[in-house]
Amino acid sequence: MKRINLATWLLCSAISFLVIACKKEEATEGTSQVYIRMTDAPANYNAVYIDLQAVEVTGSGGKNTQLNVNPGIYNLLDFVNGADTLIASGGIPAGKVEQIRLILGSNNSIMV
């Protein structure tokens, strides 16, 4: 198994990883309900494992909100060609999302 800098790989591929969906009818006054799903594009790897521990959203005004997360080790290549999985959800203050941060544990690896 060959290991490369997973943080660099994730940064380059982050755009294809996340899809955010909002449901207005489930939100309370001044908040929006978000669902974070993970998906990926096909890659020339045998496996890309991430140890997901938490998901944090930074909204307008710099307020950070930790979402309810489904922690665990995920093989990103299980979520290609339209497949995805729900990794986090929760209510955040209404406004603009500035940043979504995946907080990873130490069991990350790539098999080439």
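Look up: the structure comes first, before these words.
As the structure is a prediction and not an experimental result, all values here were calculated from the model.

(A) Layout of the overall build of the chain. A tally of regular secondary structure across the chain gives one helix and nine strands. Each helix and strand of the chain, ordered N terminal to C terminal, gives the series α-β-β-β-β-β-β-β-β-β. Taking contacts inside the chain between residues at least 6 apart in sequence as the whole, the part at least 24 apart equals 70%. When the accessible surface of the chain is summed, it comes to about 6600 Å², and 50% of that surface belongs to carbon and sulfur atoms.

(B) Structural view of the nonpolar core. Among the nonpolar cores identified, the biggest contains 18 residues, and Ile-36, Met-38, Val-55, Leu-67, Tyr-74, Ile-87 and Ala-88 are the most heavily contacted of them. Only β2 (31-38), β3 (47-59) and β7 (85-93) provide two or more residues apiece to this core. With five residues, the top contributor of residues to this core is β3. Those residues in contact with Tyr-74, other than ones at most four positions away along the chain, are Met-38, Val-48, Tyr-49, Ile-50, Leu-52, Phe-79, Thr-85 and Ile-87.

(C) Main features of the environment of Leu-104. Along the chain, Leu-104 falls in strand β8 (residues 97-104). A residue is classified by how much of its surface remains accessible, and Leu-104, at 28% relative accessible area, is partly exposed. In this structure, the C-alpha to C-alpha distance between Leu-104 and Gly-72, residues 32 residues apart in sequence, is 9.5 Å.

(D) Main features of the environment of Leu-102. Relative to the helices and strands, Leu-102 is located in strand β8. Here the alpha-carbon distance between Leu-102 and Ile-87, two residues 15 residues apart in the chain, equals 9.9 Å.

(E) Layout of the pattern of salt bridges. Applying the stated criterion across every chain, the model contains two salt bridges. One salt bridge connects Arg-37 with Asp-84, and the closest N-O pair in it is separated by 3.5 Å. Placement of Arg-37 in strand β2 and of Asp-84 in the loop between β6 (72-75) and β7 is noted, with a sequence separation of 47 residues between them. Two residues, Glu-56 and Arg-101, come together in a salt bridge whose shortest N-O distance is 3.3 Å. With Glu-56 in strand β3 and Arg-101 in strand β8, the pair connects residues that are 45 residues apart, well separated along the chain. Owing to a relative accessible area of 39%, Arg-101 belongs among the partly exposed residues under this scheme.

The rules behind the values
Residue positions are given per chain, counted from 1 along the sequence in the order it is written. Reporting in this predicted model follows two pLDDT cut-offs: at least 70 for local features of residues, and 80 or more for side-chain atom pairs to be given and counted; totals over whole chains, interfaces and linings ignore these cut-offs and use all residues. Derived side-chain values reflect all non-hydrogen atoms in the structure, with water molecules and hydrogen atoms excluded from consideration. In DSSP terms, a helix is any run of H or I states spanning at least four residues, a strand is any run of E spanning at least two, and both are numbered starting from the N terminus. Residue contacts are defined here by distance: any two heavy atoms, one from each residue, within 4.5 Å place the two residues in contact. In this description, accessible areas are obtained by the Shrake-Rupley approach with a 1.4 Å probe, and a residue is regarded as covered only by the protein chains that are shown. The definition of a nonpolar core used throughout is a set of buried Ala, Val, Leu, Ile, Met, Phe, Trp, Tyr and Cys residues joined through side-chain atoms within 4.5 Å. Buried means the residue's accessible area, taken with a 1.4 Å probe over protein chains only, is under 20% of the maximum for its type, while exposed means over 50%, and partly exposed covers the values in between. We define a salt bridge as a side-chain nitrogen of Lys or Arg found within 4 Å of a carboxyl oxygen belonging to Asp or Glu.

Honestly, it's all geometry; don't read function into it.
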